[in-house]
Amino acid sequence: AQTVTQSQPEMSVQEAETVTLSCTYDTSESDYYLFWYKQPPSRQMILVIRQEAYKQQNATENRFSVNFQKAAKSFSLKISDSQLGDAAMYFCAYKGLRSGNEKLTFGTGTRLTITP
Amino acid sequence: GAGVSQSPRYKVAKRGQDVALRCDPISGHVSLFWYQQALGQGPEFLTYFQNEAQLDKSGLPSDRFFAERPEGSVSTLKIQRTQQEDSAVYLCASSLAGVGGELFFGEGSRLTVL
């Protein structure tokens with residue numbers, strides 16, 4: 001079974017600084033997707049960024065980028081120029097590409113606090 | 001609607017009561033998922049529908065949990081004889097068909113069992 005581990009329950013960063021959230025995963029599959037989701041206090045999960053495992057290039061979405069290390073099974077999220085609106089729970093998630101497997105497996109999350 | 005809609009937002013039930021949680025997905029989304037999120041944890045998969053077919057129910061914790069999506073649109077998650085360990089936020093998500101399709105989540109239904 002696939003597992004996703006987020007070893008940082010809480011992180012704090014000053015506004016305008018850069019922060020990196022860690023995620024590792026365990027799988028025997030070679031093809032899969034990895035995701036970072038943001039969950040603000042309103043509880044609605046929002047997709048931040050997605051990475052296809054077959055792509056060597058790290059995904060980037062504006063201030064958000066990932067460092068995907070397939071051999072190490074590591075998938076960290078870097079947030080540049082942190083803003084107050086970035087404060088939320090961040091969840092790393094895995095999706096295998098086996099036929100019939102549509103579910104996401106989530107980590108336990110990292111609570112990110114932004115200090116002014 | 002514009003997004004995934006869930007109701008009720010909050011539900012308090014006495015132990016032993018039955019509850020029903022509703023999910024209205026984004027129009028045209030083929031896939032629908034239910035997740036359970038305990039306090040301080042990540043979401044845990046419960047079940048998955050493609051149209052009206054329930055293709056995966058491996059995450060349902062017991063036979064007290066039942067989900068349906070009879071017309072391939074609105075879905076209902078029913079929990080019978082609720083117990084305190086059922087207290088959690090129940091998240092619904094929908095997506096277009098296809099590998100890697102982005103999941104769009106609702107705001108969840110928070111169930112508290114007394």
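Residues numbered from 1 in each chain as written. Chains lettered and ligands numbered in written order. Predicted model: local features only at pLDDT ≥ 70, side-chain atom pairs only at ≥ 80, totals over all residues. Heavy atoms only, no water.

K.L.:
What's the story with the packing of aromatic side chains in this structure? I'm lost.
P.N.:
Two aromatic rings, taken as a pair, are described by how far apart their centres are and by the angle between their planes. Inspection of every chain in the model, using the stated rule, returns 17 aromatic pairs over all chains. Aromatic side chains phenylalanine 68 of chain A and phenylalanine 75 of chain A sit 6.3 Å apart centroid to centroid with 80° between the ring planes, which places their arrangement in the edge-to-face category. The pair formed by phenylalanine 68 of chain A and phenylalanine 75 of chain A is uniform in burial state, with each residue classed as buried. Measuring from ring centre to ring centre gives 4.8 Å for phenylalanine 33 of chain B and tyrosine 48 of chain B, while their planes differ by 25°; the resulting arrangement is stacked. (Phe/Tyr/Trp six-rings, centres within 6.5 Å; stacked < 30°, edge-to-face > 60°. Buried < 20%, exposed > 50% of the residue type's maximum accessible area, 1.4 Å probe, protein only.)

K.L.:
Help me understand the pairing of strand β12 (residues 110-115) of chain A, please; the structure alone is not making it clear to me.
P.N.:
For a regular strand, side-chain orientation follows a simple rule: the groups alternate between the two sheet faces. Residues and elements named next belong to chain A. Only one face of β12 is buried, namely the one carrying Thr110, Leu112 and Ile114, since none of Arg111, Thr113 and Thr115 on the opposite face is buried. With 5 bridges joining them, strand β2 (residues 10-14) and β12 adopt parallel strand pairing. Along β12, the bridge assignment pairs valine 13 with isoleucine 114. Sheet topology places strand β10 (residues 88-96) next to β12; 3 bridges connect them, and they run antiparallel. In the strand pairing of β12, methionine 89 is matched with arginine 111. (Helix = DSSP H or I, 4+ residues; strand = E, 2+ residues; numbered from the N terminus. Pairing = 2+ DSSP bridges.)

K.L.:
Help me understand empty space enclosed by the protein in this model?
P.N.:
Any empty space left between the atoms is revealed when a probe the size of a water molecule rolls over them. A complete count under the given rule lists 1 cavity of 30 Å³ or more for this structure. If you add up the space inside the largest cavity, you get close to 30 Å³. Partitioned by chemical class, the residues of the lining of the largest cavity number 3 nonpolar, 2 polar and 2 charged. (1 Å grid on protein atoms, 1.4 Å probe; cavity = no way out; pocket = protein on both sides within 12 Å on 5 of 7 lines; lining within 4 Å. Points joined across faces, edges and corners; volume = space filled by probe spheres on them. Nonpolar A, V, L, I, M, F, W, Y, C, P; charged D, E, K, R; others polar.)

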